[in-house]
Amino acid sequence: MNKSKKSSNKSPKHRRPNWDEYFIEIMHAAAKRATCDRGRSACVFVKENQVLVTGYVGSPTGFPHCDDVGHQIKKLIHKDGTVTEHCMRTVHAEQNAICQAAKRGVSLEGSTLYVTMAPCRTCTMLLINIGVKRIVAENKYHAGGESEKMLKKAGIKLEYLNNKVMEYPKRAEEQWVRGVKVGK
């Protein structure tokens with residue numbers, strides 16, 4: 001066989017993901033470890049294109065998981081009268097990642113955070129205090145307005161990959177409209 005002839009069975013050219021796409025794929029892999037089906041959120045902290053730490057939503061070490069025993073839902077009544085429900089059994093992905101970094105002596109200052117949805121108010125305060133410089137969120141958070149304002153004031157760049165608000169799976173017995181339970 002003549003080695004100078006090129007094969008006509010060329011496979012399509014491989015498209016190498018850019019850095020943001022690459023770290024979002026790693027975030028998706030981490031999300032598979034999440035143990036609360038109300039978002040299955042995860043995150044990846046990166047600096048100089050190197051992964052520092054990952055995190056996903058789940059119960060504290062040694063405690064039962066939502067996937068095993070159900071959610072521990074608490075209602076929050078806001079100043080404007082709207083009511084939202086939050087699962088209190090779990091630690092947020094960002095909080096878990098920050099704890100992992102602290103356990104291993106890894107500084108997150110100056111890092112970029114890749115996250116399933118924009119951070120809640122509490123996580124935003126932690127992210128400001130650790131010195132995150134950029135956040136890339138795949139989705140918006142339904143109650144993320146205050147976080148967005150705080151991040152802007154702190155000079156932290158927040159970028160959305162899409163304008164979709166992260167939806168939680170609806171339980172059959174309830175329906176929600178603007179954060180208020182209606183129906184059954």
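Here is what the cut-offs are and how they apply
- Residues numbered from 1 in each chain as written.
- Predicted model: local features only at pLDDT ≥ 70, side-chain atom pairs only at ≥ 80, totals over all residues.
- Heavy atoms only, no water.
- Phe/Tyr/Trp six-rings, centres within 6.5 Å; stacked < 30°, edge-to-face > 60°.
- Helix = DSSP H or I, 4+ residues; strand = E, 2+ residues; numbered from the N terminus.
- Buried < 20%, exposed > 50% of the residue type's maximum accessible area, 1.4 Å probe, protein only.
- Lys NZ or Arg CZ within 6 Å of the ring centre and 35° of its normal.
- Axes fitted to C-alpha atoms, helices over the stretch in contact; angles between N-to-C directions.
- Left-handed = near helix turned anticlockwise from the far one by under 90°.
- Contact = heavy atoms within 4.5 Å.
- Nonpolar A, V, L, I, M, F, W, Y, C, P; charged D, E, K, R; others polar.

**Student:** What exactly am I supposed to notice about the packing of aromatic side chains here?
**Tutor:** Any pair of aromatic rings gets described here by the distance separating the centres and the angle formed by the planes. Enumeration according to the criterion identifies 4 aromatic pairs in this entry. For the ring pair W19 and Y22, a centre distance of 5.9 Å and an interplane angle of 80° mean the geometry is edge-to-face. Remark: Y22 and W19 occur in helix α1 (residues 19-31); sequence separation between them is 3 residues, near one turn of the helix. When its relative accessible area of 37% is taken as the criterion, Y22 is described as partly exposed. Ring plane angle 20° and centroid distance 5.7 Å describe the contact between W19 and F23, whose orientation is recorded as stacked. Placement of the pair is W19 and F23 together in helix α1, with a separation of 4 residues, close to one helical turn. In this structure an aromatic cluster arises from ring pairing among W19, Y22, F23 and Y114. Directly above the ring of Y160 sits K140, whose terminal nitrogen or CZ lies 5.0 Å from the centroid.

**Student:** Explain the packing of helix α3 (residues 93-104) against helix α4 (residues 121-130) here, please?
**Tutor:** To describe two helices that pack against each other, one gives the angle between their axes and the distance between the axes. Between α3 and α4, the shortest axis-to-axis distance is 9 Å and the interhelical angle comes to 35°. The two elements α3 and α4 meet at a crossing, and its hand is left-handed. Between α3 and α4, the contacting residues are E94, Q95 and I98 on the first element and T122, C123, L126, L127 and I130 on the second. Considering only residue class, the contact of α3 with α4 consists of 5 nonpolar, 2 polar and 1 charged.

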